[in-house]
Structures are given as structure tokens and as C-alpha cells.
Amino acid sequence: MAHSEESQVTVLPPDKEKIKKLWTVAGILGAITAVEFVVAFTMGHGSLKTAIFVALTIVKAAYIVGEFMHLRYEVKVLLWSILIPMIFIVWMLVAFVYEGMKFSEINF
Amino acid sequence: MAHTSATTVSPGRSVWDGGVSPMGASYGKLMMWFFLLSDAFTFSALLITYGLVRSAHQAYTGTVEAFTFSTEYWPIPEKVFEAVPFLHGIELPLVFVGIMTFILIMSSVTMVLAVEAGHRMDRKAVEKWMLWTILGGITFLACQAWEWTHFIVGTDTPTLVKDFVNGQWVTKEVTGASLAINQYGPQDFADFFFFITGFHGFHVFSGVMFNFLIYYNTFTGVYERRGHYEMVEKVGLYWHFVDLVWVFVFTFFYLV
């Protein structure tokens, strides 16, 4: 079966630099998660804590999408056609959380 | 890869005239990106609704130490998710979800290493890294099964919950949670837990299925005969997306 064709395929050696970079990104993701844990248990609940979590999450998301999903190295049109629609999500989040806070004032 | 050379266009011709990949990505990869975008909208809808309902409920204002479960206010997550398998009765807030996050990040790394091996046409390495990725996915699902079981069964001490039975309100002792009743706080809290982590878990499950198909096709030499391992890349995109969603679920459901 497949083994008869094996000789025709040229297997390139591992790209050491690229693999090292991937592990670095993994390390960064792990480190950010560790920082999140430290923040979770040393800070009181409040909007500053939430802001720190959201900021760290966006950093993590940028590393996953940019490096692991390779979007940073794709054509710019592709990058923007994925990122620009995210504006709708951000707007929806802001609008709905604001609405929710108004609901709690009505106290139904 | 084939798609990198596809971007070159002869002068006088538009990229949209056909025969080339306008965004420098193959058809399959581009469609995977747009599918993931639509999937991101679905997950956002769930998480935004969670944000709306949570901010509409009263927040807990006391100290973390004095916290008790009540339907009057939204629970603080580190008091709900504090159990770890085999360590019954010991409070280890968020440790288990931390382990789950770590498992998913690791399986994302092994996936990207499989993609890297695919670029080099290294079948043995693709097989190895795909197996690690599948193992990571299955471990995550097993962790989630345990977490759900714990959430459904509940804590040792019950919470007093008001329930509407036969036309009147009765107060009863409740342990655990379901879509109908919840000991940890307002009913919506349990419902969102089941829906958000359930929808994500279902994505992980289908991701494991896809990963297995890719492993099988690699093992039987399908991609070697095809001359490229682009399918590994496409399914890799999906798998990273599942990891990405977990990053958001972890923040908004467990940390905030």
C-alpha cells in the first residue's frame, strides 16, 4: 500500500527555530494563565480586576490566532476580513451588559 | 505550500478573474476561516447573553470568606468550582479548571507541531503529534465529564431554595444543579453553565472526531499520496479555535 511510495517522498528535517518559537508561544500562554491565577486570588472583586482579566484574555487570544492559527502571516485582506466583523461582537457585548445593568436598576 | 505560489497574478489580470486564490489561502482554508467566524458569533451570543443576565442579577458584595450559596445573588465562581478529583472536602478554588486550561493549551501546541510536520511531509511525526492532540482532547473531555458530575451532584451541605410547586412557593433543601433547580445561586447560573460549557464540550468532542479522521488518513497514507498535508492545517484551525473559545469561557465564566 502506502509503503511502496514512501521512497518517493522527501522528508525535510525539523525546523528547529520554528518549533522553538511555538514552544515559546505555549510558554507565554501558560505564563499569562498563571498571572491570571495570581490576580484571581490576590485582588478584590471589582471593575479593575475584570479589566485586567479582559486585557490578558485578549493577549492570549492574539497569540493563539496570530501564531497558532498563523493569521499574522496570512495576506492582510484575510486578516482584516476576520478581525473587522469582531467589531459587531464588541459592540453587542457593550450594549447588552449595559442593558443588563439597567435591568438590575428596574429590579423586576 | 501550493497556495503561496497561487497569489502571483499576471499583469493586466485581476485576482478575482479566477484561477488564483484571492486571499492567498486555498478554498478549503478560507471557508474554514469563515466558518470559524460564524462559530465565533454563536459563542459570542452565548457569552454576551451570559453577560446580560449576570449584570441584571444582584452581585455578591460581602467578603470571599463569608460567602454562602443563595439564590438572592450571583455566586462568585471560585466558591462554586473548588473541587478536584480524589481530594474530597479540600477547597482548591479553580485548580481543576486551571488543569483543564493547561491540557487544552498543550493539545493546541501538539496540533501546531503536527501542522509543522505536515509541511515537511514527515508522516511519522504527523502521526505522533496527532495522537498526542487526540489524547489531550479526550483528557479534556474526561475532566469536563467529572466537573459536570460534581456540579450536578452538588456539595455536602444543601442550600435552601424557593421552588414553585403545585401553584405555591415552597422552600426546600437542594444539593446540586440541573436545568430546573440550582443550589449554587440563581437558576440562570446553572443553565448558562450547562449551555456554555456544554456547547464548548460538544465542539471539543467533534474536534476529537475530526482529529481522529486526520490521524487515520495520515496513517493510511492518503495525504502522502495527495502530496500535501493541508487537511491537517484546516482541522488544526478548528482545533485552535476550540482552544480560543475555552480561553474566553475560562475568563468570563470562571475568573470574572
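The model shown is predicted, which means the values in this text are computed figures rather than measured ones.

Q: Explain the overall build of chain A to me, please; I cannot follow it from the model alone.
A: In terms of helices and strands, chain A carries four helices and zero strands. Helices and strands in chain A line up, N terminus first, as α-α-α-α. Computed over C-alpha atoms, the radius of gyration of chain A comes to 22 Å, more than 25% over the 13 Å expected from 2.2 N^0.38 for 108 residues, which places it beyond the range of a compact globule. C-alpha atoms of chain A, sized along the principal axes, occupy 75 × 35 × 30 Å. The buried share of chain A, taken over its 108 residues, is 13%.

Q: Before we go on, may I ask you to explain the overall build of chain B in this structure?
A: When its secondary structure is counted, chain B shows eight helices and two strands. Its helices and strands taken in sequence order, chain B reads α-α-α-α-α-β-β-α-α-α from the N to the C terminus. Computed over its C-alpha atoms, the radius of gyration of chain B comes to 23 Å, more than 25% above the 18 Å expected for a compact globule of 256 residues. Projected onto its principal axes, the C-alpha coordinates of chain B cover approximately 75 × 40 × 35 Å. Put simply, chain B has 256 residues, and 41% of those count as buried.

Q: Any chance you could explain helix 5 (residues 123-153) of chain B here in plain terms?
A: Residues spaced three or four apart along an α-helix face the same direction, because each turn holds 3.6 residues. Residues and elements named next belong to chain B. Here helix 5 spans 45 Å end to end across 31 residues, near enough to the 45 Å set by a 1.5 Å rise per residue. Three or more residues of helix 5 are buried, namely Arg123, Val126, Trp129, Met130, Thr133, Ile134, Gly136, Gly137, Phe140 and Phe151. Buried residues along helix 5 sit against helix 4 (95-119), helix 6 (187-219), helix 7 (222-226) and helix 8 (230-255). Looking one or two places after helix 5, you find glycine 154, whose phi comes out positive at around 95°.

Q: Just checking my understanding: could you explain the packing of helix 1 (residues 16-42) of chain A against helix 4 of chain B for this structure?
A: One can describe the packing of helix 1 of chain A onto helix 4 of chain B by two numbers: an axis separation of 10 Å at closest approach and a directional angle of 165°. The angle between the axes of helix 1 of chain A and helix 4 of chain B places the two elements in the roughly antiparallel class. Helix 4 of chain B is crossed by helix 1 of chain A, and the crossing has right-handed handedness. Side by side, helix 1 of chain A and helix 4 of chain B meet where Lys18(A), Ile19(A), Leu22(A), Trp23(A), Ala26(A), Leu29(A), Gly30(A), Thr33(A) and Phe37(A) of the first sit next to Gly98(B), Thr101(B), Phe102(B), Ile105(B), Val109(B), Val112(B), Leu113(B) and Glu116(B) of the second. For the contact of helix 1 of chain A with helix 4 of chain B, the per-class residue count stands at eleven nonpolar, four polar and two charged.

Q: Explanation requested: the domain arrangement of chain A in the structure shown.
A: Quoted interface sizes are often the accessible area lost when the parts come together. Looking at chain A, the domain boundaries give domain 1 (15-73) and domain 2 (75-108). One C-alpha centre belongs to domain 1 of chain A, the other to domain 2 of chain A, and the line joining them spans 21 Å.

Q: Whenever I open this one, the pairing of strand 2 (residues 168-174) of chain B confuses me. Can you help?
A: All names here are of chain B. As paired strands, strand 1 (residues 159-165) and strand 2 are joined by seven bridges and run antiparallel to one another. Across the sheet, lysine 162 pairs through a bridge with threonine 171, a residue of strand 2. Taken together, strand 1 and the strand that follows it, strand 2, pair antiparallel across an intervening segment of two residues, in which asparagine 166 is found at a positive phi of about 50°.

Q: Help me understand the interface of chain B and chain A in this model?
A: Counting residues at the interface gives 44 residues for chain B and 46 residues for chain A. Counting residues per element, the ones that place at least two in the side of chain B that touches chain A are helix 2 (27-56), helix 4, helix 7 and helix 8 of chain B. Per-element tally for the side of chain B that touches chain A: the top contributor is helix 2 of chain B, with eleven residues. Here the residues of the side of chain B that touches chain A are counted per class, giving 23 nonpolar, 13 polar and eight charged.

Q: Looking at this model, I keep getting lost on the nonpolar core. Mind explaining?
A: A general tendency of soluble globular proteins is for nonpolar side chains to be buried together. Grouped together as the largest cluster of nonpolar side chains are 71 residues, with contacts concentrated most on Ala114(B) and Val249(B). Among the secondary structure elements, those contributing two or more residues to this core are helix 1 and helix 2 (47-68) of chain A together with helix 2, helix 4, helix 5, helix 6 and helix 8 of chain B. A per-element tally of this core places helix 8 of chain B first, with 17 residues.

Definitions and limits used
Residues numbered from 1 in each chain as written. Chains lettered and ligands numbered in written order. Predicted model: local features only at pLDDT ≥ 70, side-chain atom pairs only at ≥ 80, totals over all residues. Helix = DSSP H or I, 4+ residues; strand = E, 2+ residues; numbered from the N terminus. Rg over C-alpha atoms; globule rule 2.2 N^0.38 Å. Buried ≥ 20, exposed ≤ 12 C-beta atoms within 10 Å, placed from the backbone. Expected span 1.5 Å × (residues − 1). Contact = placed C-beta atoms within 7 Å. Axes fitted to C-alpha atoms, helices over the stretch in contact; angles between N-to-C directions. Parallel < 35°, antiparallel > 145°, perpendicular 65-115°, else oblique. Left-handed = near helix turned anticlockwise from the far one by under 90°. Nonpolar A, V, L, I, M, F, W, Y, C, P; charged D, E, K, R; others polar. Domains from an automatic or database assignment. Pairing = 2+ DSSP bridges. Core = buried A, V, L, I, M, F, W, Y, C linked by C-beta atoms within 7 Å.

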